[in-house]
Amino acid sequence: MSIGTRTKPEVLVLGFVTRTREFKRKLDGVLLGSNVDVDTDGGGVSITYWLSDGALVPSVGQYAAVIAGVDEGREAQLVHLRDLTPGDLDLIGSNAFGKKG
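Computed from a predicted structure; not experimentally measured.

This paragraph deals with the sheet that holds strand β5 (residues 76–83). Pairing is mixed around the closed barrel formed by five strands, whose spatial order is β1-β2-β3-β5-β4. In this sheet, neighbouring strand axes are inclined to one another by 55° on average, regardless of whether the strands run parallel or antiparallel. Alignment of strand β2 (residues 31–40) against strand β3 (residues 43–50), held across eight bridges, turns out to be antiparallel. Residue pairing in the sheet places Asp-37 in a bridge with Ser-46 of β3.

Given below as structure tokens:
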């Protein structure tokens, strides 16, 4: 038997946008958000940008640098949390190279 918990991981996504697709509610056609495909060094990923979050959706060909979270609703998917900031890079650098036992 396996017991699991939701951990709400965050991941760094860096790469060029290859495609964007808006999605709408089937019932009335109201725009809900966009799915953005990003070509990263590790392969392609898709990130959901919800309209209600107010984030700017990058255009095709634009470089995307974002922090994404895992939404474990009906299907696991990456969801835009926020754009990458210089503070994020400082934190990554200090954690990766600055901590001494």
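That shown, we press on.
It is worth spelling out the confidence of the model for the protein chain at this point. Per-residue confidence for the protein chain gives a mean pLDDT of 87; residues scoring 70 or more make up 89%. For the protein chain, helix α1 (residues 86–98) is the element with the lowest average pLDDT, namely 80, and β2 is the one with the highest, namely 96.

It is worth spelling out the pairing of strand β1 (residues 10–24) at this point. Bridge analysis of β1 against strand β4 (residues 63–72) gives seven bridges, and the strand direction is antiparallel. Residue pairing in the sheet places Val-13 in a bridge with Val-66 of β4. The pairing of β1 with β2 spans eight bridges and is antiparallel. Paired with Glu-22 across the bridge in β2 is Ser-34. With antiparallel pairing between neighbouring strands as the criterion, β1 and β2 make up a hairpin whose turn holds six residues, including Gly-29 at a positive phi of roughly 75°.

Scoring rules and cut-offs
Residues numbered from 1 in each chain as written. Predicted model: local features only at pLDDT ≥ 70, side-chain atom pairs only at ≥ 80, totals over all residues. Heavy atoms only, no water. Pairing = 2+ DSSP bridges. Helix = DSSP H or I, 4+ residues; strand = E, 2+ residues; numbered from the N terminus. Axes fitted to C-alpha atoms, helices over the stretch in contact; angles between N-to-C directions. pLDDT = per-residue confidence, 0-100.

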